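# Commentary on secondary and tertiary structure
Read off the chains here:
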Amino acid sequence: MSSTVGQVIRCKAAVAWEAGKPLVIEEVEVAPPQKMEVRLKILYTSLCHTDVYFWEAKGQNPVFPRILGHEAAGIVESVGEGVTELAPGDHVLPVFTGECKDCAHCKSKESNMCSLLRINTDRGVMIHDGQSRFSINGKPIYHFVGTSTFSEYTVVHVGCVAKIDPLAPLDKVCVLSCGISTGLGATLNVAKPTKGSSVAIFGLGAVGLAAAEGARIAGCSRIIGVDLNASRFEQAKKFGVTEFVNPKDYSKPVQEVIAEMTDGGVDRSVECTGHIDAMISAFECVHDGWGVAVLVGVPHKEAVFKTHPMKLLNERTLKGTFFGNYKPRSDIPSVVEKYMKKELELEKFITHTLPFAQINKAFDLMLKGEGLRCIITMDN
């Protein structure tokens, strides 16, 4: 790779030219990394619902043309000025949020919401100079959440790159750079269920199943899956889910159903849908005195959370989480190690694999709700 250091690299990238239109594989120019940046060769990327959401651009500022993608794994090609923790050849996961290690959030043991590098979905340029590192015929192509992994090469701030075990299979651990870590950490780091306890998981997509995987790892005795789609129930058994509740099957609120099933409520709940009714149900279904509910799903911007204050006064706890409370650089390498020690199973999340040339098929699969994670192989 050394011959490319300091040079512009021409490579293939899937460009979103406009909202909702198929991505186009184009030859793009990727500039060298600047101060505190690294240039990565992406080997595997996967599609997350967030990519689809910003590609559709129905509910936020449209930023186009853009290179989407944020769940990925690759190898450092070169590093910019001031980068000391990474070197060419290192195996890494780029992450949509960062860890500068200097701000109040990074210095806090309780927060992972870095002041400098936390997710910014509107920004399409690098923070060092306000410029894009991607171009076609001299015209800028915008970045996405600081990662833009639907490109054979990308430039990322060093604070958004987790250096991992070089023996870890990149085609598996790439899913840890977003959704799987979010669900897993929501359970293990925030809900913190004890062995033998009960947990309700609202929403059995990839993030919800990762939350269930966390409950399985924690040794929970009852893991209750809640979803409106009954076809998800069979698959969820692989992730430790022991019982299923479809709210459509009952005339009463689902929180009442769960309370009756569990003699007053579950010990913990994790909400992974972003629907406000599910969020309220997840909170109200936990046991008084010690129950903890954790919100993971991102709600509609006009959504309002309504519950009676007595639900809180009766010693229920409501928490929120971002990226499972993992600090990208400090904590994600240890999640990779969990997989390497066979404590965490990732293969069951990966339901499809496609070559880069067929990236639009991955979008089709997600829009149809088929599968959990589709791995896109960059090097055909």
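Here, every reference points to the structure presented above.
Below or above, wherever it landed, is the structure these notes cover. What you are looking at is a predicted structure, and each value in this text was computed from that prediction instead of being measured.

Thresholds applied
Residues numbered from 1 in each chain as written. Predicted model: local features only at pLDDT ≥ 70, side-chain atom pairs only at ≥ 80, totals over all residues. Heavy atoms only, no water. Pairing = 2+ DSSP bridges. Helix = DSSP H or I, 4+ residues; strand = E, 2+ residues; numbered from the N terminus. Axes fitted to C-alpha atoms, helices over the stretch in contact; angles between N-to-C directions. Contact = heavy atoms within 4.5 Å. Buried < 20%, exposed > 50% of the residue type's maximum accessible area, 1.4 Å probe, protein only. Salt bridge = Lys/Arg side-chain N within 4 Å of Asp/Glu carboxyl O. Parallel < 35°, antiparallel > 145°, perpendicular 65-115°, else oblique. Nonpolar A, V, L, I, M, F, W, Y, C, P; charged D, E, K, R; others polar. Phe/Tyr/Trp six-rings, centres within 6.5 Å; stacked < 30°, edge-to-face > 60°.

## A word on the sheet that holds strand 11 (residues 222-226)
In space, the 6 strands of this open sheet follow the order 12-11-10-13-14-15, with parallel pairing throughout. Pairing within the sheet leaves two strands with one partner each, and these edge strands are strand 12 (243-245) and strand 15 (317-320). Taken pair by pair, the neighbouring strands of this sheet meet at an average axis angle of 20 degrees, ignoring direction. Relative to strand 13 (residues 268-271), strand 10 (residues 198-202) runs parallel, the two being bridged by 4 bridges. Residue pairing for strand 13: Val 199 is matched across the bridge by Arg 268. Where helix 4 (residues 179-191) meets the sheet, its contacts fall on strand 13, strand 14 (292-295) and strand 15, and the angle it forms with strand 13 comes to roughly 145 degrees. Across the sheet, helix 5 (residues 206-218) touches strand 10, strand 11 and strand 13, and the angle it forms with strand 10 is around 170 degrees.

## Let's talk about unusual backbone geometry
Cis peptide bonds are those with omega within 30 degrees of zero, and the linkage from Phe 64 to Pro 65 qualifies with -5 degrees. Structurally, Pro 65 is set in the loop between helix 1 (49-56) and strand 4 (71-79). The backbone of Lys 101 shows a phi angle near 75 degrees, a positive value even though the residue is not glycine. The partly exposed category is assigned to Lys 101, whose relative accessible area is 35%.

## Structural notes on the pattern of salt bridges
Summed over all chains, the structure comprises 19 salt bridges. Across the salt bridge formed by Arg 10 and Glu 29, the nearest N and O atoms sit 2.9 Å from each other. Residue Arg 10 is found in strand 1 (residues 9-15), and its partner Glu 29 is found in strand 2 (residues 24-30); the two are separated by 19 residues along the sequence. A relative accessible area of 54% means that Arg 10 is categorised as exposed. For Glu 18, the salt bridge identified is with Lys 21, shortest N-O distance 3.6 Å. Look at Lys 21 and you get partly exposed, because its relative accessible area is 43%. Salt bridges sharing common partners tie together Glu 213, Arg 216, Glu 345 and Lys 348.

## Here we look at the sheet that holds strand 1
Strands sit in the order 1-2-6-7 across an open sheet of 4 strands; the sheet is antiparallel. Strands at the two margins of the open sheet, each flanked by one partner only, are strand 1 and strand 7 (139-141). Each strand of the sheet is rotated relative to its neighbour by a mean of 50 degrees, with strand direction disregarded. Of the pairings in the sheet, the one linking strand 2 to strand 6 (residues 134-136) comprises 2 bridges and is antiparallel in character. Residue pairing in the sheet places Glu 29 in a bridge with Ser 135 of strand 6.

## Observations concerning the packing of helix 1 against helix 11 (residues 359-367)
In a pair of packed helices, the angle between the axes and the distance between the axes together describe the arrangement. Packing of helix 1 against helix 11 leaves a shortest axis separation of 10 Å and a crossing angle of 100 degrees. Considered as vectors, helix 1 and helix 11 are oriented roughly perpendicular to each other. Facing His 49, Asp 51, Val 52, Trp 55 and Glu 56 of helix 1, the residues of helix 11 in contact are Phe 363, Met 366 and Leu 367. For the contact of helix 1 with helix 11, a count of residues per class yields 5 nonpolar, 1 polar and 2 charged.

## A closer look at the packing of aromatic side chains
Within this structure, the stated rule accounts for 10 aromatic pairs. Between Phe 54 and Phe 144, the ring centres sit 5.6 Å apart and the planes meet at 55 degrees, which makes this aromatic pair tilted. A residue pair is termed long-range when its members are at least 10 positions apart, and Phe 54 in helix 1 and Phe 144 in the loop between strand 7 and strand 8 (153-157) qualify at 90 residues. Residue Phe 54 shares its accessibility class with Phe 144, and that shared class is buried.

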